[in-house]
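Below, each chain spelled out in residue letters.
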Amino acid sequence: MKTLPKDPLNIIMAGVGGQGNVMASRVLANMLSLKGYKVTIGETFGMSQRGGSVMSHLRVSETSAWSPQIPRGRADVLIALEPIEAVRVMRAYGNSGVKVLVNTRAIHPVGVIAGDSEYPPLESIEKGLKELTPHVWMLDATEEATKLGNPILSNIIMIGAVSGLNLLPVGMAEFKSVIRDFFPEKLLEINRRAFEVGKEKVTSAS
């Protein structure tokens, strides 16, 4: 078993309702468990309807289980399925060492759609994140997922991207093993492809 960079390793996966955040966090947790790590998951939800904030805390250890809530300012890895959610999480849990991977495709909240507020430019979001930590990677996972035929695959692409950046000690072997518990046989190949695309995109951009 590969040693974790720190113990516990605190991972946050954040997005909005409808992006498959909870499912993706459980896939990732099972991948880590398969390698022998002890993983505790805590989940928080904003508005219950589609489009509300969803955040999963994963605390990974080689030796013991930890409380499911990551302390403020103590995230080690942030996987954001939506840009503003990356900013929201970083305000509470960020620090200068956290590794941040962001899906650049925005999902506008109701206030923006109604014209009551404005969504900040992606360039401003990226600049703000890099003022907090130099370890930021931006990837339009939704575009890549759409090319594969289904935008929801962006969550799997993001897991593949994390693997490609070597931020976590898991990869395709663990992914192939655990997805059989989450998807029917007919969807396994497209999910494996989504994982590979995420890994390829961040590797070629690094």
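Anything mentioned here points back to the structure above.
**Concerning the overall build of the protein chain**
- Summing up its helical and strand segments, the protein chain has eight helices and six strands in all.
- For a compact globule of 206 residues, the expected C-alpha radius of gyration is about 17 Å, and the protein chain comes in at 16 Å, within 12% of that figure.
- The dimensions of the protein chain, computed from C-alpha atoms along their principal axes, are 50 × 40 × 35 Å.
- Across the 206 residues in the protein chain, those meeting the buried criterion constitute 48%.
- Summarising the internal contacts of the protein chain: among those between residues at least 6 apart in sequence, 65% fall at separations of at least 24.

**Digging into the environment of G149**
- The topology assignment puts G149 in the loop between α5 (141-148) and α6 (154-164).
- Separated by 88 residues in the primary sequence, G149 and S61 have C-alpha atoms spaced 36 Å apart.

**Points about the packing of helix α2 (residues 83-93) against helix α4 (residues 122-132)**
- At a minimum axis separation of 10 Å, α2 and α4 run at an interaxial angle of 25°. The orientation of α2 with respect to α4, classified from their angle, is roughly parallel. As for how α2 packs across α4, the hand of that crossing is left-handed. Contacts from P83, I84, A86, V87 and M90 of α2 reach α4 at L122, I125, L129 and L132.

**Some thoughts on the pattern of salt bridges**
- Under the criterion given, the structure shown has twelve salt bridges.
- The closest approach of N and O atoms between K130 and E126, which form a salt bridge, is 2.9 Å. Note that K130 and E126 are positioned in helix α4 at a spacing of four residues, about one turn of the helix.
- You can call K130 partly exposed: its relative accessible area is 41%.

**What to know about the packing of aromatic side chains**
- A full pass over the atoms with the stated rule returns one aromatic pair.
- Between F175 and F195, the aromatic rings sit 4.5 Å apart at their centres with planes inclined by 20°, giving stacked as the arrangement. On the criterion of sequence distance, the pair formed by F175 in helix α7 (residues 172-178) and F195 in helix α8 (residues 185-205) is long-range, its members being 20 residues apart.
- Take F175: its relative accessible area is 0%, and that puts it in the buried class.

**As for the pairing of strand β3 (residues 53-61)**
- Judged by how many residues are buried, β3 sits mostly within the fold: eight of nine residues are covered.
- Where strand β1 (residues 9-16) and β3 come together, eight bridges link them in antiparallel fashion. Each bridged residue has a counterpart across the sheet, and for L9 the counterpart in β3 is V60.

**As for unusual backbone geometry**
- Here the residue pair D7 and P8 is connected by a cis peptide bond, since its omega of 0° sits within 30 degrees of zero.
- Mapped onto the fold, P8 is located in the segment before β1.
- The backbone of N166 shows a phi angle near 55°, a positive value even though the residue is not glycine.
- Note that N166 resides in the loop between α6 and α7.

**A few points about α6**
- With eleven of eleven residues buried, α6 lies mostly within the body of the structure.
- Within the sequence span of α6, burial applies to S154, N155, I156, I157, M158, I159, G160, A161, V162, S163 and G164.
- Positive backbone phi, at 55°, marks N166, one or two positions downstream of α6.

**What to know about the side chain of Q19**
- For Q19, the position within the fold is in the loop between β1 and α1 (21-34).
- Judged by relative accessible area, which is 7%, Q19 ranks as buried.
- A polar atom in the side chain of Q19 sits 2.9 Å from the backbone nitrogen of V16.

**Structural notes on the packing of α5 against α6**
- Their axes nearest at 8 Å, the elements α5 and α6 cross at an angle of 120°. Considering the relative orientation of α5 and α6, their crossing is right-handed. Only S154, I157 and M158 of α6 make contact with α5, whose side of the interface consists of A141, T142, E144, A145 and L148.
- For the contact of α5 with α6, the residue count by class is five nonpolar, two polar and one charged.

What counts, and at which threshold
Residues take numbers from 1 onward in each chain, read along the sequence in its written order. Thresholds applied to this predicted model are a pLDDT of at least 70 for local features of residues and 80 or more for the giving and counting of side-chain atom pairs; totals over whole chains, interfaces and linings are not thresholded and use all residues. As a rule here, side-chain values cover all heavy atoms of the structure and leave hydrogens and water aside. Elements are defined by DSSP. Helices are runs of H or I of four residues or more, strands are runs of E of two residues or more, and each kind is numbered from the N terminus. For a compact globule the rule gives 2.2 Å times the number of residues to the power 0.38, and the radius of gyration it is set against comes from C-alpha atoms. Buried means the residue's accessible area, taken with a 1.4 Å probe over protein chains only, is under 20% of the maximum for its type, while exposed means over 50%, and partly exposed covers the values in between. The contact criterion used is simple: two residues touch if any of their non-hydrogen atoms lie within 4.5 Å. Where helices are involved, their axes are fitted lines through C-alpha atoms of the stretch in contact, as for all axes, and angles between N-to-C directions lie from 0 to 180°. An angle below 35 degrees is read as roughly parallel, one above 145 as roughly antiparallel, one from 65 to 115 as roughly perpendicular, and any other as oblique. Each crossing is labelled by how the near helix is turned from the far one, with a counterclockwise turn of less than a right angle marking it left-handed and a clockwise turn marking it right-handed. Salt bridge, as used here: a side-chain nitrogen of Lys or Arg that lies within 4 Å of a carboxyl oxygen of Asp or Glu. A pair of aromatic rings is counted whenever rings of Phe, Tyr or Trp (Trp by its six-membered ring) have centres within 6.5 Å, and the orientation is called stacked for planes under 30 degrees apart, edge-to-face for over 60 and tilted otherwise. Here, any two strands with at least 2 DSSP bridges between them count as paired. In protein, a polar contact means a hydrogen-donor-capable atom and an acceptor-capable atom, both N or O and within 3.5 Å, with residues adjacent in sequence counting only if both atoms are side-chain atoms; elsewhere, any N or O pair within 3.5 Å suffices. Each residue is assigned to one of three groups, with Ala, Val, Leu, Ile, Met, Phe, Trp, Tyr, Cys and Pro labelled nonpolar, Asp, Glu, Lys and Arg labelled charged, and all others, Gly among them, labelled polar.

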